[in-house]
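A look at the structure
Here's the letter readout for the chains.
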Amino acid sequence: MVTAITSSTALSYTPSFELLNRWVIEKQLCCYCGTCAGVCPRIVLNEKLPVLIDYCSACGNCYKHCPQTYTPVKEIEKETFPGTNKEDYLGYYEKCVLAQSTDESILSIAQNGGLVTTLLIHALETGMIDGAIVTVADKDWRPKPILARTPEEIKKAAGSKYVMSPIMLAYRTVINDPSIKKVAIVGLPCQVKAARKLQMEPIIPVENGKIELIIALFCHMNFSYEGLISETVKKTLNIDLSEVKKFDISKGKFKVFTKDGKQVELPVKELAKYSWSSCSSCTDFTGRLADISVGNAGAIDNNWNIAIVRSKKAMELLNDVVKAGKLRIAECGDALNAVLKDARKKAERREKISEITYQYFSELGVPSEEVQAYFTLLTLGGASSEELSKVLKVSAAELDSILKKLHEKGWLIKQENYYIPTRPSTVIRIEAARFNNLIKKILERESELEGIYARKFG
Ligand SMILES: Cc1cc2nc3c(=O)[nH]c(=O)nc-3n(C[C@H](O)[C@H](O)[C@H](O)COP(=O)(O)OP(=O)(O)OC[C@H]3O[C@@H](n4cnc5c(N)ncnc54)[C@H](O)[C@@H]3O)c2cc1C
Ligand code: SF4
Ligand code: SF4
Ligand code: SF4
């Protein structure tokens, strides 16, 4: 029997916690940024995931602001950073510089050149912001997001914690404190996406808690507390956490620096099993939606930063800090190539589509190269024919013929040289209709075959 696909079998797409759970949390794509819990008191975070603890009114706020739901990155970039340079893998930027704090007290506690801490303190002292959302660590090196209101609190957050910190949870403090008119947020590229979404669609009156400055930290991957700290540092390396001065990841090594001057290290690839699940499909290395992105890749040494300055606001802040003598800077030169290399490598990551889904599509009789091209477009979030040809490793002529067929079937939309996949539910219905039509035609031929059978077997 052929079952018609009706709207009652279709999934509900109303933005709600249920949808967030189904499409982000259950799919292990949650990056634990804390935004959903930060904007809705009905959501709390447990050790690993957001959990709904009360009735959901389906207002859609959590879903809309989650960095793992639809985010029109290219449109936001164009709107937010007009007239700047553009590089495919790094995004838009005004300038790239090498930078180092001139303040020894910052350099001694910072992860690298102390650029992040220096920018935040200057922004606070000059009234650009009233506070900053940063991440401190408790005595067990568990990260804790806080709203820092003083230079001392900003300094307490210096140094990288290679564990997921739900930074946007601290936005609740901002919501509840009317004295915080303008805030800065420091986060990883995934968290930066959430911060930018919240800035563009605020949930509280704009005169309060305005997101004034977004600083991204470069990020290749991050880890769970249990995996990195409990299993690796405490058990495998047998290091007492109260003895740890600093952690670092550079040149493929995870390094632990102890207070008595020792250094212990492990290859980062041995820690891959502890990486956060959402990292395996994350493609943004630098934080394309930040006002300024900061890292160490390619910098002079570990005590320097490299910064990709994207917005005019961040450019003015940087110039101001340099003028005040709080930063020394140098030309970026070839250092940007190192960032570009990391960014390119990370851009190759993609969400995986299960083998069984591939198999069902091929059982429907859809040529495998067409299924491959459609699924690739889906996981890339659309692509130009050049990008697609590189990823699929097919010639331009071959790709042209595949895309033409997909276009004729209604599986994609073409916008100039850019291809956008049609919604899967529509594609599935197109194929179901084709299949039903075929079955209908076969049923019409039933009597022809039945006649032969009857004549031969009675
Ligand atoms: C998980 C992680 C992965 C990184 N991966 C890379 C990489 O692959 N390549 C690279 O070049 N750089 C990477 N960085 C960035 C680098 O470690 C430094 O953070 C950056 O160079 C800024 O240095 P700084 O001296 O200016 O920072 P500081 O002045 O010391 O300030 C550090 C800031 O980082 C924030 N912070 C610390 N831990 C976290 C966290 N877990 N989540 C959110 N915010 C946090 C603090 O709030 C603080 O404000 C990574 C950072 C993190 C946290
Ligand atoms: S009430 Fe709104 S923000 Fe809260 S869980 Fe439901 S949809 Fe999300
Ligand atoms: S990614 Fe952030 S906003 Fe989305 S579900 Fe996870 S914690 Fe919530
Ligand atoms: S790799 Fe991506 S998802 Fe993972 S912590 Fe870094 S920015 Fe977030």
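Residues numbered from 1 in each chain as written. Chains lettered and ligands numbered in written order. Predicted model: local features only at pLDDT ≥ 70, side-chain atom pairs only at ≥ 80, totals over all residues. Heavy atoms only, no water.

With that settled, consider the domain arrangement of the protein. When cut into domains, the protein gives domain 1 (13-65), domain 2 (73-347) and domain 3 (355-444). Taking the mean C-alpha position of each, domain 1 and domain 3 sit 31 Å from one another. (Domains from an automatic or database assignment.)

Under the defined criterion, the tally for this structure stands at 1 disulfide. A disulfide bridge connects C96 with C332, and the sulfur atoms are separated by 2.1 Å. On the criterion of sequence distance, the pair formed by C96 in strand β5 (residues 95-101) and C332 in the loop between β15 (327-331) and α12 (335-347) is long-range, its members being 236 residues apart. C332 carries the same exposure label as C96, and that label is buried. (Disulfide = S-S within 2.5 Å. Helix = DSSP H or I, 4+ residues; strand = E, 2+ residues; numbered from the N terminus. Buried < 20%, exposed > 50% of the residue type's maximum accessible area, 1.4 Å probe, protein only.)

This paragraph deals with empty space enclosed by the protein. The full count for this structure, using the stated rule, is 1 cavity of 30 Å³ or more. Lining the largest cavity are 15 residues, and of these C30, C33, C36, P50 and C66 sit closest to its centre. Of all the elements in the fold, those that place two or more residues in the lining of the largest cavity are α1 (17-25) and α2 (35-39). If you tally residues by element for the lining of the largest cavity, the top one is α1, at 3 residues. (1 Å grid on protein atoms, 1.4 Å probe; cavity = no way out; pocket = protein on both sides within 12 Å on 5 of 7 lines; lining within 4 Å. Points joined across faces, edges and corners; volume = space filled by probe spheres on them.)

To continue, consider the sheet that holds strand β11 (residues 253-258). In sheet architecture, strand pairing relies on hydrogen bonds along the backbone and comes in two forms, parallel and antiparallel. Read from one edge of the open sheet, 3 strands run β10-β11-β12, paired in antiparallel fashion. Each edge of the open sheet is held by one strand with a lone partner, namely β10 (244-250) and β12 (263-267). Sheet twist, expressed as the average angle between the axes of neighbouring strands with direction ignored, equals 15°. Strand direction decides the pairing type here: β11 and β12, joined by 5 bridges, are antiparallel. In the sheet register, K255 faces β12, and the bridge partner there is E265. (Pairing = 2+ DSSP bridges. Axes fitted to C-alpha atoms, helices over the stretch in contact; angles between N-to-C directions.)

Another point: helix α15 (residues 385-392). In an α-helix, one full turn covers 3.6 residues, which means residues spaced three or four apart are oriented alike. Taken together, the buried positions of α15 are occupied by S385, L388, S389 and L392. For α15, the buried positions fall inside an angular range of 100° around the axis, keeping them on one side. Buried-residue contacts for α15 involve α14 (368-380), β16 (383-384), α16 (396-409) and β18 (418-421). One or two residues past the end of α15 sits K393, with phi positive at roughly 55°. (Arc of directions from axis to C-beta. Contact = heavy atoms within 4.5 Å.)

By size, the foremost hydrophobic cluster in this structure holds 34 residues, and its most contacted members are L115, L119, L120, V134, I215, I292 and L318. Setting aside its immediate chain neighbours within four residues, I292 contacts L119, I214, I215, A216, A307, I308, V309, R310 and A314. Counting 32 residues, the second-largest nonpolar core is a separate cluster that includes C31, V73, C190 and V192. (Core = buried A, V, L, I, M, F, W, Y, C linked by side-chain atoms within 4.5 Å.)

Further remarks concern the site of ligand 3. The environment of ligand 3 is formed by L20, I25, C30, C31, Y32, C33, G34, T35, C36, P50, C66 and P67. Mapping ligand 3 onto the cavity grids shows that it belongs to the largest cavity. Broken down by secondary-structure element, the contributors of at least two residues to the shell around ligand 3 are α1 and α2. Class assignment of the residues belonging to the shell around ligand 3 gives a composition of 10 nonpolar, 2 polar and no charged. (Near = heavy atom within 4 Å. Sits in = over half its atoms within 2 Å of the grid points. Nonpolar A, V, L, I, M, F, W, Y, C, P; charged D, E, K, R; others polar.)

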